[in-house]
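Structure at a glance
What follows is each chain in one-letter form.
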Amino acid sequence: MGTARPKQYLPLGDLPVIVHVLKTFSRVSAVTEILLVVPRADVPHVRSEIVGRYGLGKVRRVIAGGRERQDSGLAAVRAETTDIVVIHDAVRPLATPALVEAAIAGAVCWGAVATGIPVRDTVKSTDAEGWVEETLPRERLCLVQTPQAFRLEILRRAHERAAAEGFYGTDDAALVERTGTRVRMISGLARNIKMTTPEDLDWARWFLEKRGREMGEGATEMPERVGCGYDSHRLVADRRLILGGVDIPHPRGLLGHSDGDALIHAVIDALLGAVGGGDIGRLFPDSDPAYRGVSSLTLLARVCSLVKEKRFEVVHLDATILMEKPKLAVHIPAMIEHLSATLCLDAGRINIKAKTNEGMGFVGREEGVAAFAVATVRECGR
Ligand code: MG
């Protein structure tokens, strides 16, 4: 950066870069405590001038890091006791609470999650003299960012092993990959750049000012949109009953080209409705053999990508299942878990209700199952 002060303490708008990060993490309800790892000489300054001055109550401890970034990571995992740990660079001030929540929801489900964005430019490798060796397949490459989230025991094992073997990686996920544990990649944000050059700070200032202007014009947040969805399927013999991705023991199941999961189909239509994406039948036609017997969670994952491509983030989901028998209440937590993992959405933002139809109509006669869903999404820019 070419300045005397480390870049995490430089001003960005009204606040130092690092305070933007700490405020973002503080706003996430699932974050119970923040452990700050800083150079040993900075510890007193950070305690008084950052944590004390800006009233950052979730910062429980400020500890001294090591020589390299990874040494600081090791110090952090040794000091940490929570089940899920989220690692974030202090110089990425434009991450959002929703992104942190998504990383946490992913770690709960898969154990290890990195955030990344697609590569837009063509990528080639070159030899030492600058001759092109190879053009890499761009579709499968990701530019990796933080936050990265892990179950503590997975990350601790990875760090201890790397330390014992003297291996240094460029991110925490790389250490986990070496232990054989698979790391799941989820969508990051293009704007979540690392403040590396003075131009990055200029760009971040411009971005925050622009967003401040947009928010000043009446709205307190980016605009929200709502979509509704409905679906029904016939109950027949010799089919599994799958609702919300959960296999429910029952003598009959739902007839359909896919697995007949009426709840997920209603949720898909609600999401598509909110982002102006048409409907499930247009996206996944019955006539296409590719979707025969497919898990509706697979379809939901594709719709989730589409929501992100259109630059929306899901804020909340609410759904109601109408089914006469059996009682579904015991299966609802598992349904929420499936939706949370597939959408990388905090479980606290998903609500599912189940009720009978009091013996009336096709639901009451146990001829079929119906589901309604409402999705709220917010524009998230890039
Ligand atoms: Mg359907």
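Another point: the sheet that holds strand S14 (residues 252-254). Ordered by their spatial adjacency, five strands build an open sheet running S14-S11-S17-S15-S16, and the pairing between neighbours is mixed. A single partner strand is all that each edge strand has here, and the edge strands are S14 and strand S16 (350-355). Sheet twist, expressed as the average angle between the axes of neighbouring strands with direction ignored, equals 20 degrees. Pairing geometry for strand S11 (residues 224-237) and S14, over three bridges, is antiparallel. Residue pairing in the sheet places alanine 237 in a bridge with arginine 252 of S14. In the packing of helix H11 (residues 332-343) onto the sheet, contacts are made with strand S15 (312-322) and S16, and the angle to S16 comes to roughly 145 degrees.

The next subject is the sheet that holds strand S6 (residues 112-118). The sheet built from four strands is open, its strands ordered S5-S9-S6-S10 with mixed pairing. With one partner strand each, in any of the chains shown, strand S5 (84-87) and strand S10 (184-187) form the two edges of the open sheet. If you compare each strand with its neighbour and ignore which way they point, the axes differ by 30 degrees on average. The pairing of S5 with strand S9 (residues 142-151) spans four bridges and is antiparallel. Bridge pairing links isoleucine 84 to arginine 151 in S9.

When cut into domains, the chain gives domain 1 (7-114 + 144-216) and domain 2 (224-379). Of note, the centres of domain 1 and domain 2, computed from C-alpha atoms alone, are 34 Å apart. In this assembly, ten residues from domain 1 lie in contact with eight residues from domain 2. Our enumeration of links across domain 1 and domain 2 arrives at one salt bridge. Notably, a salt bridge pairs arginine 349 with glutamate 101, separated by 2.6 Å at the nearest N-O pair. The element that contributes the greatest number of residues to the side of domain 1 that touches domain 2 is helix H4 (residues 97-110), accounting for six residues.

Here we come to the packing of aromatic side chains. Using the criterion set out here, one finds four aromatic pairs in the structure. Relative to tryptophan 206, the ring of tryptophan 203 has its centre 6.2 Å away and its plane inclined at 45 degrees; by these criteria the two rings are tilted. Residue tryptophan 203 and its partner tryptophan 206 are located together in helix H7 (residues 198-216), separated by three residues, close to a single helical turn. Judged by its relative accessible area of 43%, tryptophan 206 falls in the partly exposed class. Centre to centre, the rings of tryptophan 203 and phenylalanine 207 are 5.5 Å apart; their planes meet at 25 degrees, and the pair counts as stacked. Residue tryptophan 203 and its partner phenylalanine 207 are both found in helix H7; the two are separated by four residues, about one turn of the helix. Among the aromatic side chains, those forming a connected cluster through ring pairs are Trp203, Trp206 and Phe207. The lysine or arginine in question, arginine 184, covers the ring of tryptophan 110, its NZ or CZ lying 4.2 Å from the ring centre.

Bringing the pattern of salt bridges into the picture now. With the rule as written, the count across this model stands at 16 salt bridges. Measuring nitrogen to oxygen at the nearest pair gives 2.8 Å for the salt bridge that ties aspartate 89 to arginine 69. In this pair, aspartate 89 sits in the loop between S5 and H4 while arginine 69 sits in helix H3 (residues 69-79), placing the two residues 20 residues apart along the sequence. Overall, aspartate 89 belongs to the buried group, its relative accessible area being 9%. The exposure class assigned to arginine 69 is partly exposed, which follows from its relative accessible area of 37%. Salt bridges sharing common partners tie together Arg69, Asp89, Arg92 and Asp172.

Conventions we followed
- Residues numbered from 1 in each chain as written.
- Predicted model: local features only at pLDDT ≥ 70, side-chain atom pairs only at ≥ 80, totals over all residues.
- Heavy atoms only, no water.
- Pairing = 2+ DSSP bridges.
- Helix = DSSP H or I, 4+ residues; strand = E, 2+ residues; numbered from the N terminus.
- Axes fitted to C-alpha atoms, helices over the stretch in contact; angles between N-to-C directions.
- Contact = heavy atoms within 4.5 Å.
- Domains from an automatic or database assignment.
- Salt bridge = Lys/Arg side-chain N within 4 Å of Asp/Glu carboxyl O.
- Phe/Tyr/Trp six-rings, centres within 6.5 Å; stacked < 30°, edge-to-face > 60°.
- Buried < 20%, exposed > 50% of the residue type's maximum accessible area, 1.4 Å probe, protein only.
- Lys NZ or Arg CZ within 6 Å of the ring centre and 35° of its normal.

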